[in-house]
Amino acid sequence: MAVKNSLVKANEQKTFSNFLMGDAIRRKINETVGGENGQRFITAILSAVSTNTALQECEHSSIISAAFLGEALKLSPSPQLGQYYMVPFKVKTGMKDGNGQDIYIKKAQFQLGYKGYIQLAIRSGYYKKINVLAIKEGELIKYDPLTEELEVRLIEDEEIREQAETIGYYAMFEYTNGFRKALYWSKKKMLAHADKYSMAFSKEIYQKILDGKIAEKDMWKYSSFWYKDFDGMAFKTMLRQLISKWGIMSIDMQNAYEKDMASINEDGTYDYIET
C-alpha cells in the first residue's frame, strides 16, 4: 500500500506538462503520432488539459492513452469543437487506507462527442446526409414511428427557438444510395434512458439543478456530461442508437463506438467507466 501511495503522490507532484517533456513519453508520441505531428499533438493535449483542473489530477498515462485514440481517429480534443473529450473519473484501486476506506485514483476516460460521430460518419463516405436536432415546444405536429415521417413547424426566430423548451430529439441519415432512416425520441424517453443506463445521472437531481435547488458550490459533485450538457449527450445517444442499429459503420467508427466511455490502458486494453 505504501508503494501505491508513493506512486500516486509522485503522479500528483509531477505536472502533466513536465510528464510530456520526459524522454520516454516523447519517444512514444513520436512513434505513435509521427515526428512532424508530435508538437501539434502535444500543444492540442496541453491546451485541453490546461482548461480542466480535474483532468490535471488524472493519471497522466490515461490522458495520453485517451488522446492517442482521438488522434488515431483524426479527431480534435478541443472542447470548443466537441469531437471528443477526456473526462476525469475516480476509479477504485482495489486497496484500502489505514481507516479501511477504498483508495481511488483519477483516470481520464475517452468520451466521443456527437460531433465526432458526425465527423466519422461523413468521412466514411457512406452517408449523403446526417443530422440530429432538438425539437422545441410547439414545433411537433406529428411523428409516425411506422413510416418514420416527422411533421414539424420550426420556430423561425433563432433566438426565440433557442430559449424554447426542448420536448424531444430527432436524428436521421441518408446513404449515398438513397436509403434513409430516421428516429424520434421524446425528452421524457431520453431522461428515462439516461436515468437507467448512466450510473452517474439521476433525473430527479437533474430536475433540481434545472429548478435552481442545487447550490453552485455543490455542482462539482455532478460531473457527468448528462448534467453539464444534456442536449449534447442526447444528440450523441440518438446518433449511437440510429447508426449502431441501422447504419454502416466504418472501421474507425466501430473502434470509436467500442471504446467510447472507456479508460484506455497503456497496453491498448480498455475498461468501461459508467458516466
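Preceding this paragraph is the structure being described.
Procedures and definitions
- Residues numbered from 1 in each chain as written.
- Predicted model: local features only at pLDDT ≥ 70, side-chain atom pairs only at ≥ 80, totals over all residues.
- Heavy atoms only, no water.
- Helix = DSSP H or I, 4+ residues; strand = E, 2+ residues; numbered from the N terminus.
- Buried < 20%, exposed > 50% of the residue type's maximum accessible area, 1.4 Å probe, protein only.
- Areas by Shrake-Rupley, 256 points an atom, 1.4 Å probe, with all protein chains shown as cover.
- Phe/Tyr/Trp six-rings, centres within 6.5 Å; stacked < 30°, edge-to-face > 60°.
- Axes fitted to C-alpha atoms, helices over the stretch in contact; angles between N-to-C directions.
- Parallel < 35°, antiparallel > 145°, perpendicular 65-115°, else oblique.
- Contact = heavy atoms within 4.5 Å.
- Nonpolar A, V, L, I, M, F, W, Y, C, P; charged D, E, K, R; others polar.
- Polar contact = N/O pair within 3.5 Å; in protein donor to acceptor, adjacent residues only side chain to side chain.
- Salt bridge = Lys/Arg side-chain N within 4 Å of Asp/Glu carboxyl O.
- Pairing = 2+ DSSP bridges.
- Core = buried A, V, L, I, M, F, W, Y, C linked by side-chain atoms within 4.5 Å.

1. Describing the overall build of the protein chain
Then comes step 1: The number of helices and strands found in the protein chain is 13 helices and nine strands.
Then comes step 2: Burial analysis of the protein chain (275 residues in total) assigns 43% to the buried set.
Then comes step 3: Accessible surface, the protein chain: about 15500 Å² in total, of which carbon and sulfur atoms supply 50%.

2. A few points about the packing of aromatic side chains
Then comes step 1: Inspection of every chain in the model, using the stated rule, returns 19 aromatic pairs.
Then comes step 2: Between phenylalanine 201 and tyrosine 206 the ring centres are 5.7 Å apart and the planes differ by 50 degrees, which places this aromatic pair in the tilted class.
Then comes step 3: A residue is classified by how much of its surface remains accessible, and phenylalanine 201, at 4% relative accessible area, is buried.
Then comes step 4: Among the residues examined, tyrosine 206 registers a relative accessible area of 9% and is labelled buried.
Then comes step 5: Both rings, one in phenylalanine 201 and one in tyrosine 227, keep their centres 5.0 Å apart while their planes meet at 35 degrees; by these two values the pair is tilted. Within this pair, whereas phenylalanine 201 is found in the loop between α9 (187-197) and α10 (203-210), its partner tyrosine 227 is found in helix α11 (residues 225-228), the two being separated by 26 residues in sequence. Each of the two residues, phenylalanine 201 as well as tyrosine 227, counts as buried.
Then comes step 6: Every member of this aromatic cluster is reached through a ring pair, and the members are Phe201, Tyr206, Tyr222, Trp226, Tyr227 and Phe230.

3. Concerning the packing of α9 against helix α12 (residues 230-246)
Then comes step 1: Contact geometry for α9 and α12: axes closest at 11 Å, N-to-C directions at 90 degrees. Between α9 and α12, the angle is such that the two are roughly perpendicular. The residues of α12 that touch α9, namely those facing Lys187, Met190, Leu191 and His193, are Phe230, Ala234, Thr237, Met238 and Gln241.
Then comes step 2: Tallied by class, residues from the contact of α9 with α12 come to five nonpolar, three polar and one charged.

4. Some remarks on the side chain of glutamine 241
Then comes step 1: Structurally, glutamine 241 can be placed in helix α12.
Then comes step 2: On the basis of relative accessible area, glutamine 241 is assigned to the buried category, the value being 17%.
Then comes step 3: Excluding residues that lie within four positions of it along the chain, glutamine 241 makes contacts with Leu183, Trp185, His193 and Trp246.

5. Thoughts on the environment of lysine 96
Then comes step 1: Relative to the elements of secondary structure, lysine 96 occurs in strand β1 (residues 84-96).
Then comes step 2: Given a relative accessible area of 44%, lysine 96 falls into the partly exposed group.
Then comes step 3: Within the structure, lysine 96 has its side chain in polar contact with the side chain of aspartate 102 (distance 2.6 Å).

6. As for the pattern of salt bridges
Pairing between side chains becomes possible if they bear opposite charge and their charged atoms approach one another.
Then comes step 1: In total, this model carries nine salt bridges according to the counting rule given.
Then comes step 2: For arginine 40, the salt bridge identified is with glutamate 71, shortest N-O distance 2.6 Å. With arginine 40 in helix α4 (residues 35-50) and glutamate 71 in helix α6 (residues 60-72), this residue pair connects regions lying 31 residues apart in the sequence.
Then comes step 3: Here aspartate 218 ties to lysine 217 by a salt bridge, and the two come within 3.5 Å at their closest N and O atoms.
Then comes step 4: Here lysine 217 falls in the exposed class, since its relative accessible area comes to 65%.
Then comes step 5: Here the salt bridges share partners, and the residues they tie into one network are Lys236, Arg240 and Asp260.

7. A short note on the sheet that holds strand β6 (residues 166-175)
In a beta sheet, neighbouring strands are held together by backbone hydrogen bonds and run either parallel or antiparallel to one another.
Then comes step 1: The strand order β3-β6-β7 describes an open sheet built from three strands, whose pairing is antiparallel. On the outer flanks of this sheet lie β3 (127-136) and β7 (180-186), each paired with one strand and no other. Averaged over all adjacent pairs, the angle separating strand axes in this sheet is 10 degrees, with direction ignored.
Then comes step 2: Two elements, β3 and β6, share nine bridges in a ladder whose sense is antiparallel. Looking at β6, one finds that lysine 136 is bridged to threonine 166.
Then comes step 3: Its contacts with the sheet place α12 against β3, β6 and β7, and it is angled at close to 35 degrees to β6.

8. Brief notes about the pairing of β6
Then comes step 1: A large share of β6 lies buried, amounting to nine of its ten residues.
Then comes step 2: With seven bridges joining them, β6 and β7 adopt antiparallel strand pairing. When the sheet's bridge partners are listed, glutamate 174 is paired in β7 with arginine 180.
Then comes step 3: Between β6 and the antiparallel strand that follows it, β7, lie four residues; glycine 178 among them carries a positive phi value of about 100 degrees.

9. A word on the nonpolar core
Then comes step 1: Formed by 64 residues in total, the largest nonpolar core has its most connected members in Phe41, Ile45, Ile63, Met86 and Phe230.
Then comes step 2: A per-element tally of this core places α12 first, with eight residues.
Then comes step 3: Filtering out sequence-adjacent residues up to four positions away, isoleucine 63 remains in contact with Phe16, Ile45, Val49, Leu55, Cys58, Met86 and Ala108.
Then comes step 4: If you look at the next biggest cluster of nonpolar residues, it comprises six residues, including Tyr170, Met172, Ala182 and Tyr184.

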